[in-house]
Amino acid sequence: MNYTSTRDHSVTVPSAVAIANGISKDGGLFVPTEIPQLTLEEIGALSKVDYQARARAILGKYLTDFTAEELADCVSGAYGGGKFSSEKTAPVVKLDDSAYIQELWHGPTCAFKDMALQILPHLLTRAAAKTVGDKKIIILVATSGDTGKAALEGFKDVPNTQILVFYPSDGVSAMQKLQMVTQEGENVGVCAIKGNFDDAQNGVKAIFTDAAVAKLLDENGMQFSSANSINWGRLAPQIVYYISAYCDLVADGAIKAGDAINICVPTGNFGNILAAYYAREMGLPVKKLICASNANNVLTDFLKTGVYDRNRSFYTTISPSMDILISSNLERLLYLMSGCDDEKISGYMAQLKETGRYQVDEDILAKLQAVFEAGCCDDEQTKAAISEKFKAHHYLCDTHTAVAVKVYDDYRAASGDQTPCVIASTASPFKFCASVLSALDPALVKGEEFEMTKVLEQTTGVVCPSQLAGLEKKPIRFTDVRDKSDMRAAVYEMLHIEA
Ligand SMILES: *Cc1c(COP(=O)(O)O)cnc(C)c1O
């Protein structure tokens, strides 16, 4: 199987090149030239095996230039060895008559990004070995919270890699900061930047695209690569867990192989829900995909009108990982929905860059609406959903998951659709302790992060994941705070190279 660019059909590369390069030279995203199929017999067989076996089977259909042995090593390196606190890796929990929650946050950092970032370093090092030889891979990340920590944990002590993460000194939650500054590993670096997320992001982009830096790295046997969410090596592993959720429902007798389900996903960059769309296109019996947004509801408007318009207010919400106005992975969906029309996609993306807006054709909108439902909610509704689900079912959601729960409830009430629905749960509630506590009872919000963690445990009887509780006792390793003009020097220092 080969990969092409959403903006240029003349590109054809194997998956190793797509993963090693991250993005196509024309600015487009890599997509497989065909979508591999999954039969009901295969689904039946997969429902009898564990998560790692499911991952090997699904990834094997997409990454055909990797040997079975290589993929098995990648999968066990990511999901084996007790790295996930659930034996099922991504367990499905029944919430009510038709709602099931798939918990994607049992990995080392308690957010769903672990599902992809635990395996990406393994895929990336093997992909690089196939394409650029044995140069050391340098990963630079600018983070507003979850991605940086998940990338650090994923690349920690992976041979022949080094990872450097920059975060805005006042732009991440207390727990997120603590997660990063206590990071273990010999090949990791973490640095705070005086400024906001955009400053960190622009600094990383400037270093990443600087020819002089690239030359210096090359002379030292190193080269940059990217771990961001448009890398196909992050998307493919996400397809696995939707198929796994379906298999679990079959195994538990909740559905029969062939029965339809719906899937509801709290969405930011559109990566997670796009993976669900790929699962559906492979033949997984999925009726509707429900796209849930917070107050930054650019996707809700797009799926209702066909107009994507980022010229609007940006809101800082209690579900910060969904505070996004440009959903990069949407480009892949539009490519598929347009019948793989690379010229049309290039046109839309040029308009987005120039004017911040584009409108898709009637027929693309009709195709989108045949599959996707969309809804959004504000912070008050998010909190109400957390409180209501805890009271009714004793189930504690984080703020991102609660957005999806609320949007699903609205959809179910309006449509009467009782099809079993898998709701993607993207973070542990203990990662967003203050907001979750304030949803249950605002009077409980006081004191330091770990005091609130204990209050949340006492109030709910839910136990804080050891990955987070253990941070209190870990030594702080990274205290560097720099001006944004000083980021290049920080990179050279951390890599021990001289300009
Ligand atoms: C990143 C993230 C999301 C959004 O996922 P996308 O793939 O960007 O749509 C939702 N919830 C949490 C907790 C996240 O970290």
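Preceding this section is the structure that the text describes.
Summarised in this report is the structure supplied together with it. What you see is a predicted model; the values in this text were computed from it and never measured. (Residues numbered from 1 in each chain as written. Predicted model: local features only at pLDDT ≥ 70, side-chain atom pairs only at ≥ 80, totals over all residues. Heavy atoms only, no water.)

**Considering the environment of Pro 320**
Rule in force here: Labels follow the DSSP assignment, with helices taken as runs of H or I lasting at least four residues and strands as runs of E lasting at least two, numbered in each case from the N terminus. Residues count as neighbours in contact if any of their non-hydrogen atoms are within 4.5 Å of one another.
Mapped onto the elements, Pro 320 comes out in the loop between β12 (307–309) and α14 (330–337). Counting along the chain gives 193 residues from Pro 320 to Ala 127, while the straight-line C-alpha distance between them is 32 Å. Discounting residues that sit within four places of it in the chain, Pro 320 has contacts with His 400 and Phe 432.

**Brief notes about the sheet that holds strand β5 (residues 99–103)**
The condition is simple: When DSSP finds at least two bridges between two strands, those strands are taken to pair. In this analysis, axes come from line fits to C-alpha atoms, helices being fitted only over the stretch in contact, and the angle between any two N-to-C directions falls in the range 0 to 180 degrees.
Read across the open sheet, the 6 strands follow the order β4-β5-β15-β10-β11-β14; overall the sheet is mixed. The open sheet has two free edges, formed respectively by β4 (92–94) and β14 (372–376), since each of these has just one partner strand. Direction aside, neighbouring strands of the sheet carry axes that sit 25° apart on average. Each of β11 (286–293) and β14 is contacted by helix α13 (residues 298–305), which is oriented at about 140° to β14, the strand it contacts most.

**Looking at the sheet that holds strand β9 (residues 222–225)**
Reading across the sheet, the 5 strands line up as β9-β6-β7-β8-β16 and stay open at both edges, with parallel pairing between neighbours. Edge positions in the sheet fall to β9 and β16 (481–483), since each of these pairs with one other strand and no more. The mean angle between the axes of side-by-side strands here comes to 30°, regardless of whether they run parallel or antiparallel. Here strand β7 (residues 161–168) pairs with strand β8 (residues 188–194) via 6 bridges, running parallel. From the neighbouring strand, Val 165 faces β8, where its bridge partner is Val 190. Each of β6 (136–142), β7 and β9 is contacted by helix α6 (residues 120–131), which is oriented at about 135° to β6, the strand it contacts most. In the packing of helix α7 (residues 146–155) onto the sheet, the strands contacted are β6, β7 and β8, and the crossing angle to β7 comes to about 165°.

**Quick word on the packing of aromatic side chains**
Heads up, the rule is: Side-chain rings of Phe, Tyr and Trp (the six-membered ring for Trp) are treated as a pair once their centres are within 6.5 Å; stacked means planes under 30 degrees apart, edge-to-face means over 60, and tilted covers the remaining angles. The buried label applies to any residue whose accessible area, calculated with a 1.4 Å probe on protein chains only, is under 20% of its type's maximum; exposed applies above 50%, and partly exposed to all values in between.
Inspection of every chain in the model, using the stated rule, returns 13 aromatic pairs. Judged by centre distance (5.7 Å) and plane angle (55°), the ring pair of Tyr 62 and Trp 232 falls under tilted. Residue Tyr 62 is found in helix α3 (residues 51–62), and its partner Trp 232 is found in helix α11 (residues 232–251); the two are separated by 170 residues along the sequence. Overall, Tyr 62 belongs to the buried group, its relative accessible area being 0%.

**Overview of the site of the ligand**
Where we set the bar: For this description, a residue counts as near a given molecule or strand if any of its non-hydrogen atoms is within 4 Å of it. For this analysis, a polar contact is any N or O atom pair within 3.5 Å, provided that within protein one partner can donate a hydrogen and the other can accept it, and provided that sequence-adjacent residues contribute only side-chain to side-chain pairs. Per-residue and other accessible areas follow the Shrake-Rupley method at a 1.4 Å probe size, with only the shown protein chains counted as cover for residues. Only Asp, Glu, Lys and Arg are considered charged in this grouping, and only Ala, Val, Leu, Ile, Met, Phe, Trp, Tyr, Cys and Pro are considered nonpolar; every other residue, Gly among them, is considered polar.
The ligand sits among 15 residues. The nearest are Lys 113, Asp 146, Gly 268, Asn 269 and Thr 426. A distance of 2.8 Å separates an oxygen atom of the ligand from a polar side-chain atom of Asp 146. Take Gly 268: an N or O atom from its main chain is 2.8 Å from an oxygen atom of the ligand. Burial of the ligand by the surrounding chains reaches 96%, relative to a free accessible area of 390 Å². Looking at side-chain class alone, the shell around the ligand contains 5 nonpolar, 8 polar and 2 charged residues.

**So, the side chain of Asp 409**
Structurally, the position occupied by Asp 409 is in helix α18 (residues 399–415). At 2.8 Å, the side chain of Asp 409 forms a polar contact with the side chain of Arg 412. The contacts of Asp 409, once residues within four sequence positions are left out, are Glu 388 and Lys 389.

**A word on the nonpolar core**
Counted only if it meets this: Put simply, buried Ala, Val, Leu, Ile, Met, Phe, Trp, Tyr and Cys residues joined by side-chain atoms within 4.5 Å make one nonpolar core.
Grouped together as the largest cluster of nonpolar side chains are 112 residues, with contacts concentrated most on Leu 334 and Phe 372. The biggest single contributor to this core is α11, with 13 residues. Of all hydrophobic cores here, the second largest spans 37 residues; its members include Cys 264, Val 403, Tyr 411 and Phe 450.

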